[in-house]
Amino acid sequence: MAALALVSRPVSALPKISSSCCPAVLSAASVSTVQQRKLHHAVVPKGKGGRSSSSGIAATVFGATGFLGRYVVNRLGRMGSQIIIPHRNDQYDIMYFKPMGDLGQIIFMEWDARNKDSIKQALEHSNVVINLVGREWETRNYGFEDVFVNIPQQIAKAAREAGIPKFIHMSHLNADIRSPSKYLRNKAVGETAVRDEFPDAIIMKPSEVFGREDRFFNYYANMRWFGNAVPLMAMGKQTVKQPVYVVDVAKAIINAVRDPDANGKTYALVGPNRYLLYDLVEYIYAVAHRSFVPYPLPRPLYHLAAQFFAMNPFEPWTTPDKIERFHLTDMKYPGLPGLEDLGITPSTVEQRAIEILRRHRRFRYLEADLDETKPAKTVNY
């Protein structure tokens, strides 16, 4: 409570910075010039670095409770940033964030995504705003248009009006207004809406993200519960994927926050290799030491089966839209900067797959050497 009271102190009570301050403080003071507001001591860099120092970053992370959000918060916390986490969860469901930052540096705030005042309050004292709000399925209360267009637009507008210099928006590599996936169509519209509201926004376009809690590798690995038979449209041989590791995406966001030249840019975040979907799923089962039995399933039948799962009122295992998205070939953007431009060497699937797929192995294969598994075949198209 003490930390919360500290952050919500009226702006008029914030201390002034004299011109005789050290260079680190002067650099932070320049941020306040951009924001057109006085400087809070929480954003004055101090210390030698690390979680008990102050990085000079006060970040509001919308959508922090999702898959990618925990990695971003962890990276921010370990460098000594103050992090505001707007959430709609029970307080016990977000306690895992507490160890990610020093005492008082992780601040939780309940928010209503449709309440403009709630959004403004969440980012009132921040100098960085990161939007990771997303969902793979629609609900009665929040459709894809709400999640990917309306809410990001309101956040971007509030950030611009508050004078915040850094706004990062998470999109998708295959976002396209002509896409057969409603998810990706709304992602494309959301990009335009955010750019219109906040011209200097940094837009991240990752491909399918894999990691321990993902819904990509685990999605295919969990199909073993249906008799090891994996349905793939056209046997997955007409779809090319270039998955990216979740930690690399989190690092990219942090490096973009610290890079003054990143404002207004769009980044395409992809892994180093491209794979046919068939070869990628085959490799997933090989690492998990499970038998791989693929079979072709026509799109109408696949959609019909997915509609049955989509009727789940809680978290559907799959939906027709997800099937469309997973069977789309990842686009190439040679003109856009990527992970390398942010100083990151992307991890390969072969380097990280065991972290995700070990739990899908039988007991006798838990410690099996990964060298026994042949790397997945790569393609260049």
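What counts, and where the lines are drawn
Residue indices begin from 1 for each chain and proceed along its sequence in written order. Only residues with pLDDT of at least 70 are given local features in this predicted model, and only at 80 or more are side-chain atom pairs given and counted; all residues enter the totals for whole chains, interfaces and linings. To get the side-chain values, take all heavy atoms of the structure and skip hydrogens and water. Labels follow the DSSP assignment, with helices taken as runs of H or I lasting at least four residues and strands as runs of E lasting at least two, numbered in each case from the N terminus. Think of it in three bands: with a 1.4 Å probe and only protein chains considered, a residue is buried below 20% of the maximum accessible area for its type, exposed above 50%, and partly exposed in between. We call two residues in contact whenever any of their non-hydrogen atoms come within 4.5 Å of each other. Values of accessible area rely on a 1.4 Å probe in the Shrake-Rupley scheme; residue burial ignores everything except the protein chains shown. Cavities and pockets were defined on a 1 Å grid built over protein atoms only: a cavity is a set of grid points that admits a 1.4 Å probe from which the probe cannot escape, a pocket is an open set flanked by protein on both sides within 12 Å along at least five of seven lines, and lining residues are those with an atom within 4 Å of any such point. Grid points are joined across faces, edges and corners, and a volume is the space filled by probe spheres set on the points. All residues other than Ala, Val, Leu, Ile, Met, Phe, Trp, Tyr, Cys, Pro, Asp, Glu, Lys and Arg, Gly among them, are scored as polar; the first ten of these are nonpolar and the last four charged. The working definition used for a salt bridge is a side-chain nitrogen of Lys or Arg within 4 Å of a carboxyl oxygen of Asp or Glu. A pair of strands is treated as paired once DSSP finds two or more bridges between them. What counts as an axis is a line fitted to C-alpha atoms, over the stretch in contact for a helix, and the angles between N-to-C directions run from 0 to 180 degrees. A residue's pLDDT is the predictor's confidence in that residue, given on a scale from 0 to 100. For the purposes of this section, nonpolar cores are sets of buried Ala, Val, Leu, Ile, Met, Phe, Trp, Tyr and Cys residues that join through side-chain atoms within 4.5 Å. Only the six-membered ring of Trp is used, alongside the rings of Phe and Tyr, when aromatic pairs are assigned; centres must lie within 6.5 Å, and planes under 30 degrees apart are stacked while those over 60 apart are edge-to-face, with the rest tilted. Definition of a polar contact: a pair of N or O atoms within 3.5 Å, with one able to donate and the other able to accept a hydrogen when the atoms are protein atoms, and with sequence-neighbouring residues admitted only if both atoms are side-chain atoms. Seen with its strands pointing away from the viewer, a crossover is right-handed if its path from the first strand over the helix to the second goes clockwise. Angles are sorted into four bins: roughly parallel if under 35 degrees, roughly antiparallel if over 145, roughly perpendicular if 65 to 115, and oblique for all others. Should the near helix be turned anticlockwise from the far one by less than a right angle, the crossing is termed left-handed; should it be turned clockwise, right-handed. By this rule, a helix spans an expected 1.5 Å times one less than how many residues it contains. What is called the bend at a residue is the angle between a pair of axes, fitted to the seven residues leading up to and ending at it and to the seven starting from it.

Novice: Please provide a residue-by-residue account of the overall build of the chain, values included.
Specialist: In terms of helices and strands, the chain carries 12 helices and 13 strands. Taking all 381 residues of the chain together, 55% fall into the buried category. In the chain, the proportion of contacts linking residues at least 24 apart, taken out of those at least 6 apart, comes to 77%. In the form shown here, the chain has an accessible surface area of approximately 17,900 Å², with 53% of it arising from carbon and sulfur atoms.

Novice: Can you break down empty space enclosed by the protein residue by residue, with the values?
Specialist: With the rule as written, the count across this model stands at 2 cavities of 30 Å³ or more. What the second largest cavity holds in volume is close to 50 Å³. Taken together, Glu 136, Trp 137, Arg 215, Glu 315, Pro 316, Trp 317, Thr 318, Thr 319 and Lys 322 make up the full set of residues lining the second largest cavity. The class makeup of the residues in the lining of the second largest cavity is 3 nonpolar, 2 polar and 4 charged.

Novice: Could you give me a rundown of the pattern of salt bridges, with the residues and numbers involved?
Specialist: Following the criterion strictly, the structure yields 14 salt bridges and no others. A salt bridge links Arg 352 to Glu 355; the shortest N-O distance between them is 3.0 Å. Of the two residues, Arg 352 and Glu 355 both sit in helix H12 (residues 349-357), 3 residues apart, roughly one turn of that helix. A relative accessible area of 28% means that Arg 352 is categorised as partly exposed. Judged by relative accessible area, Glu 355 falls into the partly exposed class, the value being 27%.

Novice: Residue-level account of the sheet that holds strand E2 (residues 82-87), with values.
Specialist: Spatial strand order, E3-E2-E1-E4-E5-E6-E11: 7 strands in an open sheet with parallel pairing. In the strand order of this sheet, the two ends are held by strand E3 (106-110) and strand E11 (266-269), each with one partner. Taking each pair of neighbouring strands and ignoring which way they run, the sheet shows an average axis angle of 20 degrees. Sheet topology note: the strand E1 (residues 58-62)/strand E4 (residues 128-131) ladder contains 4 bridges and is parallel. By the bridge assignment for E4, Ala 59 is matched with Val 128.

Novice: Mind laying out the confidence of the model for the chain, listing which residues take part and the relevant values?
Specialist: Summarising the model, the chain shows a mean pLDDT of 88, and 89% of its residues fall at 70 or more. Scored below 50 in pLDDT, residues 1-35 makes 46 contacts in the model with residues more than four places away or belonging to other chains.

Novice: For the nonpolar core, give the residues involved together with the corresponding values.
Specialist: In terms of nonpolar packing, the biggest core is built from 74 residues, with Ile 130, Met 204, Tyr 220 and Ile 253 touching the most fellow members. Here the element with the most residues in this core is helix H8 (residues 246-258); it accounts for 9 residues. For Ile 253, the residues in contact, after removing those within four places along its chain, are Leu 68, Val 72, Ile 130, Leu 132, Ile 168, Met 170 and Met 204.

Novice: Hey, could you go over the packing of aromatic side chains for me, with residue numbers and the actual values?
Specialist: Counted by the stated rule, this structure contains 23 aromatic pairs. For the ring pair Phe 144 and Tyr 183, a centre distance of 5.6 Å and an interplane angle of 85 degrees mean the geometry is edge-to-face. A residue pair is termed long-range when its members are at least 10 positions apart, and Phe 144 in helix H5 (residues 144-161) and Tyr 183 in helix H6 (residues 182-197) qualify at 39 residues. A single burial state applies to Phe 144 and to Tyr 183, both of which are buried.

Novice: Outline the side chain of Asn 218, supporting the account with residue identities and numerical values.
Specialist: Tracing the backbone shows Asn 218 in helix H7 (residues 217-221). On the basis of relative accessibility, which here comes to 3%, the residue Asn 218 falls in the buried class. Within the structure, the side chain of Asn 218 is placed 3.1 Å from the side chain of Arg 359, a separation counted as a polar contact. Here the side chain of Asn 218 touches His 360 through a polar contact of 2.8 Å, side chain to side chain.

Novice: Talk me through the pairing of E2; I want residue IDs and the actual numbers.
Specialist: For E2, the tally of buried residues reaches 6 of 6 residues, placing the bulk of the element in the interior. Burial along E2 is two-sided: the residues Gln 82, Ile 84 and Pro 86 and Ile 83, Ile 85 and His 87 are all buried. With 3 bridges connecting them, E1 and E2 associate as parallel partners. Bridge assignment links Thr 60 to a residue of E2, and that residue is Ile 84. Handedness of the β-α-β unit built from E1, helix H3 (residues 69-78) and E2 comes out right-handed. Inspection of the sheet shows E2 paired to E3 by 5 bridges, in the parallel sense. Across the sheet, residue His 87 finds its bridge partner in E3, namely Glu 110.

Novice: Before we move on, can you summarise the packing of helix H4 (residues 116-123) against H5 with the specific residues and values?
Specialist: Contact geometry for H4 and H5: axes closest at 10 Å, N-to-C directions at 55 degrees. Regarding the angle of H4 to H5, the classification is oblique. Our pair here, H4 against H5, has a crossing hand that is right-handed. Contacts from Lys 116, Ile 119, Lys 120 and Leu 123 of H4 reach H5 at Gln 154, Ile 155, Ala 158, Ala 159 and Glu 161. Considering only residue class, the contact of H4 with H5 consists of 5 nonpolar, 1 polar and 3 charged.

Novice: Let's hear about the layout of surface pockets: which residues, and what values?
Specialist: Taken as a whole, the largest pocket holds about 1,200 Å³ of empty space. Going through the elements one at a time, H3, E2, H5, H6 and helix H11 (320-326) are the ones with two or more residues in the lining of the largest pocket. Residues that form the lining of the largest pocket fall into these classes: 21 nonpolar, 10 polar and 12 charged.

Novice: Go over H5, please, and point to the residues and values.
Specialist: Given a rise of 1.5 Å per residue, 18 residues ought to cover 26 Å, and the 25 Å separating the end C-alpha atoms of H5 matches this to within 8%. Within H5, the axis deviates most sharply at Asn 150, by approximately 25 degrees, and proline Pro 152 lies no more than four positions further along. Among all positions in H5, only Phe 144, Val 147, Phe 148, Val 149, Ile 151, Pro 152, Ile 155, Ala 156, Ala 158 and Ala 159 are buried. Where H5 ends, the next residue or the one after it, Gly 163, has phi of about 75 degrees, a positive value.

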